[in-house]
Amino acid sequence: MEFFKNKCAVVTGAAIGIGQATAILLAQHGAKVIVSDINKDAGNKTVKLIENAGGTAKFIACNVAKKEEVKELMVQSIAAFGPIKFAINNAGIGGKLAPTHEIKFEDWDKMIAINLSGVFYCMREEISAMLHHGGGNIVNVASLAGLGPVPRGNSYCAAKHGVVGLTRTAAVEYAKLAIRVNAVCPGWTETAILDNLPEEMLGNSLKNYVPMGRLGKPAEVAETIVWLLGDKSSFVTGHCLAVDGGLKSS
Ligand SMILES: NC(=O)c1ccc[n+]([C@@H]2O[C@H](COP(=O)([O-])OP(=O)(O)OC[C@H]3O[C@@H](n4cnc5c(N)ncnc54)[C@H](O)[C@@H]3O)[C@@H](O)[C@H]2O)c1
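In this text, all values refer to a predicted model and were calculated from it rather than measured experimentally. (Residues numbered from 1 in each chain as written. Predicted model: local features only at pLDDT ≥ 70, side-chain atom pairs only at ≥ 80, totals over all residues.)

Colleague: Explain the nonpolar core here, please?
Modeller: Among soluble globular proteins, nonpolar side chains are generally buried collectively. Core analysis: the largest hydrophobic core is formed by 71 residues, its most contacted members being Ala 23, Leu 26, Val 33 and Val 184. Tallying contributions element by element places helix H4 (residues 105-132) first for this core, with ten residues. For Ala 23, the contacting residues outside a window of four places in its chain are Val 11, Ala 14, Val 33, Val 35, Thr 46, Ile 50 and Ala 57. (Core = buried A, V, L, I, M, F, W, Y, C linked by C-beta atoms within 7 Å. Buried ≥ 20, exposed ≤ 12 C-beta atoms within 10 Å, placed from the backbone. Helix = DSSP H or I, 4+ residues; strand = E, 2+ residues; numbered from the N terminus. Contact = placed C-beta atoms within 7 Å.)

Colleague: Looking at this structure, how should I read the site of the ligand?
Modeller: Taken together, 29 residues lie around the ligand, and Gly 13, Gly 17, Ala 91, Gly 92 and Thr 191 are the ones closest in. Among the elements of the structure, helix H1 (17-28) and H4 are those that each provide at least two residues to the shell around the ligand. Counting residues per element, the shell around the ligand draws most heavily on H1, at three residues. (Near = placed C-beta within 6 Å.)

Colleague: In this structure, what is going on with unusual backbone geometry? I would like to understand it.
Modeller: Excluding glycine, residues mostly carry a negative phi; peptide bonds, for their part, are mostly trans. You will see that Arg 152, though not glycine, has its phi angle at about 70 degrees, which is positive. On the neighbour-count criterion, Arg 152 (14 C-beta atoms within 10 Å) is partly exposed. Of note, Ala 178 is a non-glycine position whose phi angle comes to about 65 degrees, a positive value. Note that Ala 178 resides in the loop between helix H5 (154-173) and strand S6 (179-186). A count of 13 C-beta atoms within 10 Å places Ala 178 in the partly exposed class.

Here is the structure:
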């Protein structure tokens, strides 16, 4: 796709899972991709995968919960591949399941630091840079948990609702300034994040909740992200798009 050719895209949490699939797809469309993550080994493997397929990528380590590291990520990304035209704020954790009154304070703080503040830190730097460089396009990876309740998952749910709020508000703030901001809200998707779910929720029982009768694949979420980043969705902003096999509607 000509639209992405030689433009800089930054993907957080891109070592594995949905972020990795998105980084690979963006590189296939010709973008120069910054693969960012806390996992250096897996991040470098993703870069190698992209390079071996003829694409351009570079790994930059960054813990999104640390605002100074996020600032440095954006500075280094621009130095490597030019103005950031596409930003995918994907890094996140699943956290521990517990009813609200039993959530440990340290678990709450960690969840909010990574899944909510991390997205805010990234957006703040990305938007500043995009305002200086003629605009750009942001997609946040929220969750179905950003659109409805998650019993025993309130910290995750609150963080993802926060990401939906950040997305919708920034979309309106910058709508006349050539910056679009959207989110995807994946349902159950086959990645390592599901490994922490209790035994009884895994296997067939998880699939049974989904009208399509299966889990999503990271590549299916990546396709939706790339559509939202691309010129085919040029009049779409502030949208939080479920990618869930019909789960939200059921
Ligand atoms: N898989 C699902 O079912 C599902 C559903 C809804 C939303 N999501 C969201 O999708 C996003 C990607 O998750 P995934 O399913 O690919 O999980 P994953 O565990 O496969 O990948 C998450 C990536 O984020 C990285 N990461 C974690 N903490 C980080 C930090 N502090 N700084 C930088 N990187 C960090 C990890 O190292 C990993 O590479 C997350 O935001 C998650 O909440 C996933």
